[in-house]
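Here's the letter readout for the chains.
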Amino acid sequence: MENDKEKNTAEFYERLKVELDNANVWPAEYLYKFIVPSVADNVERVEKAFDRMGAVIKTTKSKTGKFTSVSVDVTMHSSDDVISKYKEVSTIEGIVSL
């Protein structure tokens, strides 16, 4: 049996899929925005997730340098592809998807 967090996450992704499909004709440009703690290889791990996809990636450190915002502009082929990238980077400790 799923716990509440898993259930909420699954419901979130189901809603996101519907919204993405309503708002886009695939393939489509998609802008991901993340905030990661500026430690270890966090930024590099986000960049690697979009390697060889023709993504335009911009990074900006916070004033204190503790966090880095990462914007990834990339052509995605389906809502499932968009969601699978969110799931892939969700394993990075402290990452926040905006």
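Procedures and definitions
Residues numbered from 1 in each chain as written. Predicted model: local features only at pLDDT ≥ 70, side-chain atom pairs only at ≥ 80, totals over all residues. Heavy atoms only, no water. Salt bridge = Lys/Arg side-chain N within 4 Å of Asp/Glu carboxyl O. Helix = DSSP H or I, 4+ residues; strand = E, 2+ residues; numbered from the N terminus. Buried < 20%, exposed > 50% of the residue type's maximum accessible area, 1.4 Å probe, protein only. Contact = heavy atoms within 4.5 Å. Pairing = 2+ DSSP bridges. Arc of directions from axis to C-beta. Phe/Tyr/Trp six-rings, centres within 6.5 Å; stacked < 30°, edge-to-face > 60°. Lys NZ or Arg CZ within 6 Å of the ring centre and 35° of its normal.

Asks: Looking at this model, I keep getting lost on the pattern of salt bridges. Mind explaining?
Replies: Between side chains of opposite charge, a pair can form as their charged atoms come close. The final tally for this structure, using the stated rule, is five salt bridges. Lysine 48 serves as the salt-bridge partner of glutamate 44, at 3.4 Å between the closest nitrogen and oxygen. One end of the pair is glutamate 44 and the other is lysine 48, both in helix H2 (residues 42-49) and four residues apart, which spans about a single turn. Lysine 48 gets classed as exposed once you look at its relative accessible area, which sits at 59%. A salt bridge links aspartate 51 to arginine 52, with the nearest nitrogen and oxygen atoms 3.6 Å apart. Of the residues examined, aspartate 51 reaches a relative accessible area of 46% and is grouped as partly exposed. Judged by its relative accessible area of 79%, arginine 52 is exposed.

Asks: So what exactly am I meant to see when it comes to the environment of tyrosine 13 here?
Replies: Its location among the elements puts tyrosine 13 in helix H1 (residues 4-23). Residues tyrosine 13 and glycine 54 lie 41 residues apart in sequence; the distance between their C-alpha atoms is 25 Å. Aside from chain neighbours lying at most four places away, what touches tyrosine 13 is Ile83, Tyr86 and Lys87.

Asks: Please explain the pairing of strand E3 (residues 67-76) as it appears in this structure.
Replies: Within a regular beta strand, the side chains point alternately toward one face of the sheet and then the other, so they alternate between its two faces. Of the two faces of E3, only the one carrying Thr68, Val70, Val72, Val74 and Met76 is buried; Phe67, Ser69, Ser71, Asp73 and Thr75 on the other face are not. The pairing of strand E1 (residues 28-37) with E3 spans ten bridges and is classified as antiparallel. In the strand pairing of E3, tyrosine 32 is matched with valine 72. Relative to E3, strand E2 (residues 56-61) is paired through six bridges, and the arrangement is antiparallel. Bridge pairing in E3 places isoleucine 57 opposite valine 72.

Asks: Is there a simple way to explain helix H3 (residues 79-89) in this structure?
Replies: Three- or four-residue spacings in an α-helix give side chains the same orientation, since the helix completes a turn every 3.6 residues. Ser79, Val82, Ile83, Lys85, Tyr86 and Val89 are the residues of H3 that are buried. With its buried residues spanning 155° around the axis, H3 presents them on a single face. In this structure, the buried side of H3 is in contact with H1, E1, H2, E3 and strand E4 (96-97).

Asks: Can you walk me through the pairing of E1 in this structure?
Replies: Of the strand pairs in this sheet, E1 and E4 are connected by two bridges, and their pairing is antiparallel. Within E4, the residue paired with phenylalanine 34 across the bridge is serine 97.

Asks: What should I look at first to understand the packing of aromatic side chains in this one?
Replies: To describe a pair of aromatic rings, you give the distance between the ring centres and the angle between the ring planes. The final tally for this structure, using the stated rule, is eight aromatic pairs. Summarising the aromatic geometry, the rings of tyrosine 32 and phenylalanine 34 are spaced 5.7 Å apart at their centres and angled 20° between planes, so their arrangement reads as stacked. Classification of phenylalanine 34 as buried rests on a relative accessible area of 1%. Seen from their ring centres, phenylalanine 34 and phenylalanine 50 are 6.4 Å apart, and the 40° between their planes marks the pair as tilted. One end of the pair, phenylalanine 34, is in strand E1; the other, phenylalanine 50, is in the loop between H2 and E2, and 16 residues separate them in sequence. Taken together, the ring pairs in this structure connect Tyr30, Tyr32, Phe34, Phe50 and Tyr86 into an aromatic cluster. The ring of phenylalanine 50 is capped by lysine 85, whose NZ or CZ atom sits 5.5 Å from the centre of that ring. In this arrangement the basic side chain of lysine 87 is found over the ring face of tyrosine 13, its NZ or CZ atom lying 5.0 Å from the centre.

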